[in-house]
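Analysis of the macromolecular model
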Amino acid sequence: MTAELTRRRELPFTGDLPKLPYRLAVPVRAVASRYFARKYDLRVHHEELFPRTGPVLMTPNHLSLLDGPLLGAIAPRMLHQLAKIEAFGGLQGWFLHRVGQIAIDRTSYDPRAIRQSIKVLRDGRVLNIYPEGTRGTGDFTRIRLGTAYLAMVTGAPILPVALLGTRLPGGDIEGFPPSGSRVDVVYGEPFTIDRVSFPRRHSDVRAVADQIGDMLRAHIKAAVAATGHPLPGAPDKKDPDD
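This one's a predicted model, so the numbers in the text were calculated from it and none came from an experiment. Per chain, the residues get numbers from 1 upward, laid out in the order the sequence is written. It should be noted that, the model being predicted, local features are given only for residues of pLDDT at least 70 and side-chain atom pairs only at 80 or more, the latter also being counted only at that level, while totals for whole chains, interfaces and linings use all residues. Calculation of side-chain values draws on the structure's entire complement of heavy atoms; hydrogens and water are dropped beforehand.

1. Section: the packing of helix H6 (residues 146-154) against helix H7 (residues 202-227)
Axis definition: a line fit to C-alpha positions, over the contact stretch in the case of helices; interaxial angles, taken between N-to-C directions, run 0 to 180 degrees. Here a strand is any run of E in DSSP of at least two residues, a helix any run of H or I of at least four, and the numbering for each starts at the N terminus. Where H6 meets H7, the axes come as close as 8 Å, and the angle between the chain directions of the two elements is 105°. Between H6 and H7, the crossing angle belongs to the class labelled roughly perpendicular. On H7, the residues that touch Thr147, Ala148, Tyr149 and Met152 of H6 are Asp204, Val205, Val208, Ala209 and Ile212. Side-chain classes are defined by residue name, with Ala, Val, Leu, Ile, Met, Phe, Trp, Tyr, Cys and Pro counting as nonpolar, Asp, Glu, Lys and Arg as charged, and the others, Gly among them, as polar. Across the contact of H6 with H7, the residue classes break down as seven nonpolar, one polar and one charged. An angle below 35 degrees is read as roughly parallel, one above 145 as roughly antiparallel, one from 65 to 115 as roughly perpendicular, and any other as oblique. Note on contacts: a residue pair is in contact if any heavy atoms of the two residues lie within 4.5 Å.

Here's what the structure looks like:
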C-alpha cells in the first residue's frame, strides 16, 4: 500500500485530537450500575456478545432519557456517547465532558464531533451512537447516515443493542419509567462493514446505512420475540430537538 493510499484511507485526520477523559466515569459507573439494578427489574441478555477488547460501534435503539445513563452504567466497558449539544451547558456539561461524552450539533454537519468519534474508535474504545438520531418508536425505521459513515471509515464492529422498557407505552420521552419497571437490554451478534477509503460517496454511505438498518431491525424483532417485551409504540411527546 502506497503512502498516498494510506493517507487517503485515514481521512479524516484525527492525530491532532487529545484522548477524551474517562477516569471520573469509572467510579460513576460503579455507583450508577448499583442504582439502576435496585431501581428496575433489569434483565441483560447475551452480554457475552459484547467485545471485550478493540473498537466497538454500539448501536442501540432510542426510546427515552433513560437510555444513555443506563447503558453508560451497565455496559461491560466504558462508553463514549454522542449526545445533543443542548445537554452540555453549565455543571451538567462540565460533568459530561469529564466522563468522556461527545457533544454533537444535530442541526448541521459537526466535523469536530465526527472526528472525535472516529478517534475513539481508532483508539480501540467503545462509541455509543443512536442510529435513529432521536428518541421515538425505537424500531429502527429511520436510520441516519452517521453509523454507516463511522463504520466505513474505521471498520469497527457494529454491536446491535435492543432497549425494551426504558419508556412505557404512552410515556414521555423526557421521563424515566417508574421504579420496579422491567427493562430488557439485549445485545446482538457484532457484524462489520468493509472499510472504504476516501472519498466516500453519499450514495455509498446511504446504501451501507440501509444495510445496517436491515440488521438492526432484524435484531429488535428477534429481541422482542425472545423476551416477550414489546416496544412501547409512538411516544407521548416528540423529542423537542428532533
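Read on, since the account is not over.
2. A short note on empty space enclosed by the protein
The way it works is a 1 Å grid over only the protein atoms, where trapped points that fit a 1.4 Å probe form a cavity and open points with protein on both sides within 12 Å along at least five of seven lines form a pocket, and then any residue with an atom within 4 Å of a point lines it. Grid points are joined across faces, edges and corners, and a volume is the space filled by probe spheres set on the points. By the definition in use, this model includes one cavity of 30 Å³ or more. As a volume, the largest cavity reaches approximately 70 Å³. Forming the boundary of the largest cavity are Leu17, Pro18, Lys19, Leu20, His80, Gln116, Lys119, Val120, Asp123 and Arg125. Here the lining of the largest cavity is built from residues that sort into four nonpolar, two polar and four charged.

3. Things to note about the pattern of salt bridges
In the sections that follow, a salt bridge refers to a side-chain nitrogen of Lys or Arg positioned within 4 Å of a carboxyl oxygen of Asp or Glu. Per the counting criterion, the structure on display carries nine salt bridges. Aspartate 123 serves as the salt-bridge partner of lysine 119, at 3.4 Å between the closest nitrogen and oxygen. When its relative accessible area of 13% is taken as the criterion, lysine 119 is described as buried. Measuring nitrogen to oxygen at the nearest pair gives 2.7 Å for the salt bridge that ties aspartate 184 to arginine 182. Buried means the residue's accessible area, taken with a 1.4 Å probe over protein chains only, is under 20% of the maximum for its type, while exposed means over 50%, and partly exposed covers the values in between. For arginine 182, a relative accessible area of 26% corresponds to the partly exposed category.

4. Regarding the pairing of strand E7 (residues 182-187)
When you tally the buried positions in E7, you get five out of six residues, the bulk of the element. Note on pairing: two strands pair once DSSP finds at least 2 bridges between them. Bridge analysis of strand E1 (residues 41-45) against E7 gives five bridges, and the strand direction is parallel. Directly across from aspartate 41, in E7, lies its bridge partner arginine 182. Here four bridges tie strand E6 (residues 158-164) to E7, and the two strands are oriented antiparallel to one another.

5. Re the nonpolar core
By nonpolar core we mean a set of buried residues, namely Ala, Val, Leu, Ile, Met, Phe, Trp, Tyr and Cys, connected to one another through side-chain atoms within 4.5 Å. With 32 residues, the main nonpolar core has Leu57, Ile102, Leu127, Leu150, Ile158, Ile193 and Ile212 as its most contacted residues. Only helix H5 (111-122), H6, E6 and H7 provide two or more residues apiece to this core. For this core, the element with the highest residue contribution is H7, accounting for seven residues. In contact with isoleucine 193, other than residues within four places in its own chain, are Ala151, Met152, Gly155, Ile158, Val208, Gln211 and Ile212. Of all hydrophobic cores here, the second largest spans 21 residues; its members include Ala32, Phe36, Leu71 and Leu163.

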